[in-house]
Amino acid sequence: MRGFINGLVLGVILGAVGYWFVQKKAGEHPEAQQRFEQSAAQLRTNAEDAAHNLSDAMRAKLDTLNLRGDQIRDELAKGGQIFRRKAQDIGDQAADAASDARAVAEIKAKYLRDATLSAWDISVSCSQGHVHLSGTVSSPEDIGRAVALALEADGVRDATSTLVVKPKQN
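Residues numbered from 1 in each chain as written. Predicted model: local features only at pLDDT ≥ 70, side-chain atom pairs only at ≥ 80, totals over all residues. Heavy atoms only, no water.

**A few points about the nonpolar core**
Alright, step 1. Counting residues in hydrophobic clusters, the biggest one holds 28 residues, and the most contacted among them are Leu67, Ile107, Tyr111, Ile122, Val131, Leu133 and Val147.
Alright, step 2. Breaking this core down by element, the ones donating at least two residues are α2 (30–64), α4 (97–113), β2 (122–127), β3 (130–137) and α5 (140–152).
Alright, step 3. The element that contributes the greatest number of residues to this core is α5, accounting for seven residues.
Alright, step 4. Excluding residues that lie within four positions of it along the chain, Val147 makes contacts with Leu67, Ile82, Arg84, Tyr111, Leu133, Ala159 and Ser161. (Core = buried A, V, L, I, M, F, W, Y, C linked by side-chain atoms within 4.5 Å. Buried < 20%, exposed > 50% of the residue type's maximum accessible area, 1.4 Å probe, protein only. Helix = DSSP H or I, 4+ residues; strand = E, 2+ residues; numbered from the N terminus. Contact = heavy atoms within 4.5 Å.)

Put into structure tokens, the structure is as follows:
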């Protein structure tokens, strides 16, 4: 997934450089402008496809982990807590404080990159690979998203959420 995102970023950067070059030379070479416009259209199409595939992958992950909004609402109504275990539990491997700190940092970084979650409103703690999430989010779907992203981090065995839904105020 990282390779895909890195490729996407690299493509956008190359597209911007190409745009600058073509704009500089547009008066001199009208056919270059046409090639550039075709390339830009292809880049836009590729970016839209990539975003759609990424969205489908996250939706599938949420379904697999039973982290859809309706399931989160039901669990919150029952006990106010969300708990999920990774499919590949790392077993008896001892997790030291450094790996717990790395896991927390990785999870917080994922929340910072996510447009729907606020790393400032979600507290993350980790002890021996067991992650606990607390704080507030805007919707039950955001709880599922937060848990799914936490489970992606290296060294995480399971995640427990006591996140509370508190809609954003306008």
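That covers the picture; the talk isn't over yet.
**Overview of α4**
Alright, step 1. Between its terminal C-alpha atoms α4 stretches 24 Å, which fits the 24 Å expected from 17 residues at 1.5 Å a residue.
Alright, step 2. Of the positions making up α4, those classed as buried are Ser99, Asp100, Ala103, Glu106, Ile107, Lys110 and Tyr111. The buried side chains of α4 occupy one side of the element, clustering within an arc of 140° when seen end-on. Residues Ala97, Arg102, Leu112 and Arg113 are exposed on α4 and point more than 90 degrees away from its buried face. (Expected span 1.5 Å × (residues − 1). Arc of directions from axis to C-beta.)

**What to know about the side chain of Asp142**
Alright, step 1. Looking at the secondary structure, you find Asp142 in helix α5.
Alright, step 2. Of the side chains with opposite charge, Arg145 comes closest to the buried, unpaired Asp142, at an N-O distance of 5.8 Å.
Alright, step 3. Contact partners of Asp142, with chain neighbours within four places excluded, come to Thr116, Leu117 and Val137. (Lys, Arg positive; Asp, Glu negative; His and termini not counted. Salt bridge = Lys/Arg side-chain N within 4 Å of Asp/Glu carboxyl O.)

**Looking at the pattern of salt bridges**
Alright, step 1. Taken as a whole, this structure holds three salt bridges when the rule is applied.
Alright, step 2. Note that Arg73 and Glu141 form a salt bridge whose closest N and O atoms lie 3.8 Å from each other. With Arg73 in helix α3 (residues 69–79) and Glu141 in helix α5, the pair connects residues that are 68 residues apart, well separated along the chain.
Alright, step 3. Across the salt bridge formed by Asp114 and Arg145, the nearest N and O atoms sit 2.7 Å from each other. Here Asp114, found in the loop between α4 and β2, pairs with Arg145, found in helix α5; they are 31 residues apart in sequence, far enough to count as distant.
Alright, step 4. Exposure remark for Asp114: the relative accessible area of 11% places this residue in the buried category.
Alright, step 5. Classification of Arg145 as partly exposed rests on a relative accessible area of 24%.

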